[in-house]
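So the chains spell out like this:
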Amino acid sequence: MTVSRVLRALLISAAILAAAIAFGLWAGYERVTLASLHSDPMARALFFRVRMPRVALAALTGAALSIVGAALQALFRNPLAEPFTLGVSGGGALGASVAIAFGWGARAWGVPMVFVASFGGAMLAVYVVYRIARTGVVVLPGALLLSGVIVNLIAASGVLILEYLTDPTRSLQILRWTVGSLDIVGFDMIWRMAVVLLPATVVLLAFARDLQLVAVDEDTAASLGVNVRRTEGAVYFLSSLLVGVTVAVGGTIGFVGLIVPHAVRLVFGQDLRILMPTSVLLGAAFLISADTLARVAVSSTELPVGAVTALLGGPIFLWLLTRRQRNAAM
Amino acid sequence: MTAPMLEARDLWFAWQPGHDVIRGTSFTLERGRLGALIGANGSGKSTLLRLLTGLLTPTRGESLFDGTVVHRIPARDRARRIAWVPQSTAAAFPFTALEVVLTGRSPWSPRFHFEDEADRAIAQQALDTVDAGHLANRPITELSGGERQMVTLARALAQKPDCLLLDEPAAALDLKHRSALVRTLASLRDRFGLTALVVTHDLQLIDPAFDRVFAMTAGRVVANGSPMEVLTSASLAAIFDDPHVRTARIGERTVVWSE
């Protein structure tokens, strides 16, 4: 593990991200060229008001979900942990639905209430899942995932009930958003998200070495001088924040936090100090690409990106599960 | 008479209120000595070791390291001086053996520092010391229990501690590596003045390399002395509550078995 290895991984990831951004900006049914950007106001509006914010939203969401996936996997020493499987996204979705259903459109100090509600829901989900899975000093991996699934189900029912009870416009708003879609116009929301997400990501990255030690063994990490309780608290708080805010805007987009860190591991190895920063860049690249494909794959319509990532991530989850069980049997 | 490195003063600990696991035990291990901690299952050996490392805080009494209450020593300073080897470590991710051993260097480097060539050399040397140099690039998930135990031991050595606390380090080791472990500890003691306390069920390991033996029963150290003094039929029969324990001397060694 040397500085040059980290830099090489970051450069490769940045190049891939640049390619994904170019793909996201230029691919689509309306052809946009440099010349048309110059001469055609419609093309300009499409490019700057629709495609750019959408790519930015995909980048922020993909980056946040991926780094949270990497952090939760390390914290729980469980390769199957990620925001969706642990119910964090579900909790966030329920929180955001409550805000939408009750029409909490207000902002407090510029922060939309839906962010706050979604963050609260995510925090609550993490707390419940963790309390159930942690017995004494160990976190039971099976109980962790199972309680995550159950929290997701409960949250989904809550969202469904809210959809039924609220008025039709808001109900449609909730429905459109629960599938997971990055359809957005303008940069207003992007800035509001970035103000929260960027600092949270930087602080989470600062815990990379502690998480590296915790991923090897929790008690040993403590004996090596890591403040495990503080690391745990920071990861819960920051993960809930990152997931809550992205869910509040883009809805539930599952398995990104599973697919990206595992792909990164295959290429760059296990070290969290490489895994976490490259997951940020490649998570952004992955979700931009997935969303662009969802936009252009079927000519008549746009596929919801959440369905696309789940279709990809579900089989990967099952593959990891069988591999894990084989390992346990050995 | 050298200064005590590890000292327990009327130490008490309970995982749950009212269920004391450690019940008012006191003892000292001097600097540069090799100690063995023996006792029946559930007598509190692993818990006592965690109290001595500062991983647990006693409910009453004090655990001192080199004259200072151990959990008052800042965590990083503590990690530079005391290394702890747990009974077993989980292996959720396929980190390489070298990556695991390099974690032992973390107390010595700032947060945003990556290990340099010197750290890698220390880690590789630690692996070589425990005869596991060839495992450096193997994922720990693919190693056997004994190989993993050697990697964990190498991680502790890479910490360059003054004091090693080992929880059944020999449990999964084969005959050759058991005696190699004892030779390594004795040599570190003789060359660098290392202090070590080893929890073990393998009483054959102890004599003649170890300086002291502490025997635990029901949360207290009840016997304490040289291997010759503690490893006798009468005292072992009391410690393990087993009248069938027998001992015999073969050369410098004490051999222990139960009829």
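K.L.:
So what exactly am I meant to see when it comes to the overall build of chain A here?
P.N.:
Scanning chain A from terminus to terminus reveals 14 helices and four strands. Compactness check: chain A gives a C-alpha radius of gyration of 20 Å against a globular reference of 20 Å for 330 residues, within 12% of the reference. Counting only C-alpha atoms and orienting by the principal axes, one finds that chain A spans roughly 65 × 50 × 40 Å. For chain A, the residues scored as buried account for 49% of the 330 residues in total. Contacts in chain A between residues at least 24 apart in sequence constitute 78% of all its contacts with a sequence separation of at least 6.

K.L.:
Sorry, what's going on with the packing of helix H4 (residues 88-101) of chain A against helix H5 (residues 113-133) of chain A here?
P.N.:
Axes are the key here: two packed helices are described by the angle between their axes and the distance separating the axes. Residue and element names in this part refer to chain A. At a closest axis distance of 6 Å, the pairing of H4 and H5 adopts a crossing angle of 145°. Both H4 and H5 take part in a crossing whose hand is right-handed. Where H4 approaches H5, its residues Val88, Gly90, Gly91, Gly92, Leu94, Gly95, Ala96, Val98, Ala99 and Ile100 are matched on the opposing element by Met113, Val114, Ala117, Ser118, Gly120, Gly121, Ala122, Leu124, Ala125 and Val126. Grouping the amino acids of the contact of H4 with H5 by side-chain chemistry returns 13 nonpolar, seven polar and no charged.

K.L.:
Got a minute to help me understand the pairing of strand S4 (residues 60-65) of chain B in this structure?
P.N.:
All names here are of chain B. Relative to S4, strand S1 (residues 4-16) is paired through five bridges, and the arrangement is antiparallel. Looking at the pairing, Trp12 lines up with Arg60 of S4. Two strands pair when backbone bridges link them, and S4 and strand S5 (residues 68-69) are joined in this way by two bridges, in the antiparallel orientation. Considered in S5, the bridge of Leu64 is made with Val69. Here S4 folds back onto S5 in antiparallel fashion, the turn holding two residues, of which Asp66 has a positive phi close to 50°.

K.L.:
Explanation requested: the interface of chain A and chain B in the structure shown.
P.N.:
It is common to give the size of an interface as the accessible area lost on bringing the parts into contact. Each side of the interface is counted separately: chain A has 24 residues, and chain B has 24 residues. Every element with two or more residues in the side of chain A that touches chain B is listed here: helix H1 (3-26), helix H9 (208-216) and helix H10 (218-223) of chain A. Per-element accounting of the side of chain A that touches chain B gives the leading share, five residues, to H9(A). Class assignment of the residues belonging to the side of chain A that touches chain B gives a composition of nine nonpolar, nine polar and six charged.

K.L.:
Would you explain the nonpolar core in this entry?
P.N.:
Most often, soluble globular proteins have nonpolar side chains that are buried together. Counting residues in hydrophobic clusters, the biggest one holds 179 residues, and the most contacted among them are Ala71(A), Val101(B) and Ala154(B). The residues touching Val101(B), leaving out its near neighbours within four places in the chain, are Ala123(B), Ala126(B), Leu127(B), Val151(B), Ala154(B), Arg155(B) and Ala158(B).

K.L.:
Sorry, what's going on with the confidence of the model for chain B here?
P.N.:
Low-confidence regions, as indicated by low pLDDT, have predicted coordinates that should not be scrutinised in detail. With 100% of its residues at a pLDDT of at least 70, chain B reaches an overall mean of 90. With a pTM of 0.90, the predicted complex shows an ipTM of 0.90.

K.L.:
Whenever I open this one, the environment of Ala143(A) confuses me. Can you help?
P.N.:
Residue and element names in this part refer to chain A. Looking at the element boundaries, Ala143 is found in helix H6 (residues 141-165). Classification of Ala143 by C-beta neighbours within 10 Å gives partly exposed; the count is 14. For Ala143 and Arg229, which are 86 residues apart along the polypeptide, the C-alpha to C-alpha distance reads 21 Å. If we skip the residues at most four places from it in the chain, Ala143 touches Ile132 and Ala133.

K.L.:
Would you explain the sheet that holds strand S6 (residues 82-85) of chain B in this entry?
P.N.:
Residue and element names in this part refer to chain B. Spatial strand order, S6-S7-S8-S3-S9-S10: six strands in an open sheet with mixed pairing. Only two strands of the sheet have a single partner each, and these edge strands are S6 and strand S10 (220-225). Averaged over all neighbouring strand pairs, the angle between strand axes comes to 15°, with direction disregarded. In this sheet, S10 lies alongside strand S9 (residues 212-217) in antiparallel orientation, the contact comprising five bridges. Note on S10: the bridge partner recorded for Ala215 is Ala223.

K.L.:
I'm lost on the packing of H1(A) against helix H3 (residues 41-76) of chain A in this one. Help?
P.N.:
Residue and element names in this part refer to chain A. For the pair H1 and H3, interaxial distance at closest approach is 9 Å and the crossing angle is 140°. In the crossing of H1 with H3, the sense of the turn from one axis to the other is right-handed. In this structure, H1 uses Ile21, Gly24 and Leu25 to contact H3, whose residues at the interface are Arg51, Met52, Val55 and Ala58. Split by residue class, the contact of H1 with H3 holds five nonpolar, one polar and one charged.

About the cut-offs
Residues numbered from 1 in each chain as written. Chains lettered and ligands numbered in written order. Predicted model: local features only at pLDDT ≥ 70, side-chain atom pairs only at ≥ 80, totals over all residues. Helix = DSSP H or I, 4+ residues; strand = E, 2+ residues; numbered from the N terminus. Rg over C-alpha atoms; globule rule 2.2 N^0.38 Å. Buried ≥ 20, exposed ≤ 12 C-beta atoms within 10 Å, placed from the backbone. Contact = placed C-beta atoms within 7 Å. Axes fitted to C-alpha atoms, helices over the stretch in contact; angles between N-to-C directions. Left-handed = near helix turned anticlockwise from the far one by under 90°. Nonpolar A, V, L, I, M, F, W, Y, C, P; charged D, E, K, R; others polar. Pairing = 2+ DSSP bridges. Core = buried A, V, L, I, M, F, W, Y, C linked by C-beta atoms within 7 Å. pLDDT = per-residue confidence, 0-100.

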